[in-house]
Amino acid sequence: MLIGIVLFLFLAVILYDYNVYLNKVRVQEKVVYYSLMLISLCILLLQNANVSIPSPAEAIINALRALPGIQ
Amino acid sequence: MATEKITFHQSAYSIVLFCFGSSVIIGISSSANQDGWISIILATICIIPVFLMHARIIKLFPEKNYFEIIETVLGKKIGKIITALMLWYSVHLAALVLCNFGEFIQVFDMPETPKLSITILMILTTVYLARSGMRSIGKWSVVGICFLLFVVLFTFATSVHQMHFENLLPVMEASPSQILKSSFEIFTFPYGESVIFLCVADSFHKKDNPYRVFFLALAIVLPVFLTVFIRNLALLGLPMINASYFPSYIAVRIIEIGDFFARIESSISSNFILAGIVKIAICLLAASKGIVSLFGLQNNRVFIMPVGMLALALSSILYTSTMEMFIFLDYYMYYALPFQIIIPLGVWIVAEFKRRKKGQMINTPEDASL
Amino acid sequence: MVKRFLICLLLVAMVLLLGGCWNYKGLDQLNIVLGIAVDFDKEANQFNITYEVADQASAGKNTMIKSRIVKSQGKTLLDAARNAKRKEADKLFFGSTNILVLSRDIALEMGIQPVIDWFLRDGECRETMHVALSQEDTAEAILQRSGQMSGIVSINLHDILREDRSIVASTRNVKLYELYDILELRNSAVLPAIHKAEENADQQIAELNGIAILQGDRLKGFLTPEETKYLLFLENIIKSGVLTLSAKSEKTDDISLEIFDNKTKKSFAYNQDKIVVKFETRTHVVIDENHSKLDMMDPEVIKQIEKAGEEMLEKNLRDLISKIQHEFQTDIFGFGEMIHKKDLKLWKQLEPSWKEIYPTLEVDVKSKLIIRDSAFIK
């Protein structure tokens, strides 16, 4: 169900943005826009499909623990 | 595209709401137990030089945002790396506030609602606010701050008869190292996060003195934090505060006058929303400006939505439980240090150095390379 | 045009996600719990919980809401709360729970801390719930109504407890969050005690009967309502009540003093390795009943009554403190907490051996009684 909501959200957002912004900007901006949307769509879909994605918070905590003086 | 300008008071109030963003609900650090008020005052004193530094950077480069300043001062290559770092920090911060909000609503209001649907609504609202520009955020801050101050004062006034001020005793029971650690926590969260304001500093008028903007904000934030801390401690007592995830909410839950006046805790949730959306909107604006600067593009408004979606995706993978979110807060102060202090310090020192060398204000990359 | 359509689409999507529709609960789907009584069955090793629930079926426009009893069992409190759904059409809703009654056995054996943990942790129960202890065999007996008695027991008890210190001063009411704080800070607690009293020939009614003293979270003993009145004096929370005394030191009390105001100052002094705790009470009273033939207009008589009242008050306060110190040996007044708050260095010295030091503390009580007037007649 959440996957449906996520897909619907992205569809609605891109449709809305298409009219308002995307046909008025340059190609590079479109590329950046779509790639960012793609990354977030993938993360959200994978997360809701119960695929475990490594969390940056864990990575940060492990990196900090490796430094001296922080436990 | 021309950036919108906000007035002196609007900029100060948006900084205030930014600082309140998550703190008014999470409560202000309690590893110093009842001496937390000393930590708050200490953290406020420590942030003054940092604010001076921020204001000086703004003064040196009037009506420029942080990413332009970084490129001007540090050159293109290092500038791009630092821009990418600050971009990551803005998105991460937006995701953190979204997480706070989602956890809060899920734990306290709607346990069965999936966090995603709550955070989707939150991010859509803030994207709309951010897209409406800095001017809308400024106007919203003026309204929001009135409501926020009213709620804090109102909850304080209606609970005075239930307060036990001796909960604040004994003074200085925590060791100096505990108080220092606690003030360092408050220093990074929420004061230090105002470095994001440098990213949107091109909305400040040239004629507005940035020093006065920051200090007006500080003058409002400090008494409110102290009021919130004292209210929570005097109402709940130390054991309940240490046991609660969100002390402000629990404290306001117990306010009762006579038979008819109770259950006003939804005012605290609305406080959180009002301040939270400002914090997320400014982070999104900052991140979109970062993208424009990083890729050499022009229209920053179009990137607010993808950055918002990125923050949404990040918030859904950051933590699997509320406990993890609070454990991360213990490490946040070390993680945020480079972004909040080291990078602005570097930028400021190099900017001053170049200015001395040149003897005048630097306005363009060409000036800097001479 | 397309833009408007897309905006409408987005709005519809937001409305679908809005309103907490995952969490929507209509009022007719809730079983509103007004009071809870917790018992623990040792043989079956499970909790027997009694919920007094608002009876929505019998509620009409002109009839008062009645209540009914729902009983449930479970290995833990949450288990029992959910198990009730096996026979109830609606899920139990704890947002309006007024009172929690614990059984004596729980307080004696497992301690009240595990039970309180769930009520604080669960999101629905409010922290302002009153907590009480049952002096009957089970806590369930308190919530049971007998015979034709009408009215909702939980709400009655809640009102009685809340107004007690302003009317009769016979018990110390405690809210859930206060209980948690006191247990953590003083390692002792005080709970109002409720028993069943005979009302008519065949009817029994729940009645406040003093307080229960807990050491740690285990039951130690009880105090009578009379003794609890003096406890309220010492904690500076008494708002009204009655002091009865005999003006001429006779056996039967013949004067009633109605308490209108009281201020108690608590302090301590530390000289030469001895700690003396001082209480000073200042009470404004009104002579509300006079069986003796004394003349109330005579200032000497007033002084005599004041003096007799002060002596009686001081004696009773001292007796109570002595009983708590020596018989119960629990620091329910928070002497340790007071020293901790006022003199940190001293407390750090005393804390390791506080259990042994506490019964040896000297306590000094001074009372001042001021007779304001003698009500309507001389």
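Here, the structure is the one placed above.
The structure presented is a predicted model; accordingly, all values stated were derived computationally and were not measured.

Chemist: What exactly am I supposed to notice about the interface of chain A and chain B here?
Modeler: It is common to report an interface's size as the accessible area lost on association of the parts. If you look at the interface, chain A gives 36 residues, while chain B gives 32 residues. Interface area for chain A against chain B, summed over the two sides, is near 3000 Å², with a carbon-plus-sulfur share of 80%. For chain A, the biggest contributors to the area lost against chain B are Y21(A), E29(A) and L36(A); these three give 18% of the whole. R131(B) is the salt-bridge partner of D17(A), the closest N and O atoms lying 2.5 Å from each other. Connecting chain A to chain B are six residue pairs in polar contact (both at pLDDT 80 or more). Only α1 (2-20), α2 (27-48) and α3 (56-66) of chain A provide two or more residues apiece to the side of chain A that touches chain B.

Chemist: Explain unusual backbone geometry here, please?
Modeler: In terms of backbone geometry, most residues other than glycine have negative phi values and most peptide bonds are trans. Along the chain, L169(B) connects to P170(B) via a cis peptide bond; the corresponding omega equals -15°. Among the secondary structure elements, P170(B) is positioned in the loop between α6 (134-159) and α7 (176-188). The step from F189(B) to P190(B) runs through a cis peptide bond, and the omega angle for that step is 20°. With respect to the helices and strands, P190(B) occurs in the loop between α7 and α8 (196-199). Even without glycine at this site, N187(C) takes up a positive phi of about 55°. Positionally, N187(C) belongs in the loop between α7 (176-186) and β8 (188-198).

Chemist: In this structure, what is going on with the pattern of salt bridges? I would like to understand it.
Modeler: Any two side chains of opposite charge can pair if their charged atoms end up close together. Per the counting criterion, the structure on display carries 35 salt bridges over all chains. Where E127(C) meets R253(B), a salt bridge forms, and the shortest distance between an N and an O atom there is 2.9 Å. With E127(C) in the loop between α4 (113-121) and β6 (130-134) and R253(B) in helix α11 (residues 247-253), this residue pair bridges two chains. Assessed through its relative accessible area of 7%, R253(B) is described here as buried. Its salt-bridge partner being R68(C), residue D55(C) comes within 3.7 Å of it at the nearest N-O pair. Here the residue D55(C) occupies a position in strand β2 (residues 46-55), and R68(C) occupies one in strand β3 (residues 66-74), the gap between them amounting to 13 residues.

Here is what the cut-offs are and how they apply
Residues numbered from 1 in each chain as written. Chains lettered and ligands numbered in written order. Predicted model: local features only at pLDDT ≥ 70, side-chain atom pairs only at ≥ 80, totals over all residues. Heavy atoms only, no water. Contact = heavy atoms within 4.5 Å. Buried area = accessible area lost by both parts, 1.4 Å probe. Salt bridge = Lys/Arg side-chain N within 4 Å of Asp/Glu carboxyl O. Polar contact = N/O pair within 3.5 Å; in protein donor to acceptor, adjacent residues only side chain to side chain. Helix = DSSP H or I, 4+ residues; strand = E, 2+ residues; numbered from the N terminus. Buried < 20%, exposed > 50% of the residue type's maximum accessible area, 1.4 Å probe, protein only.

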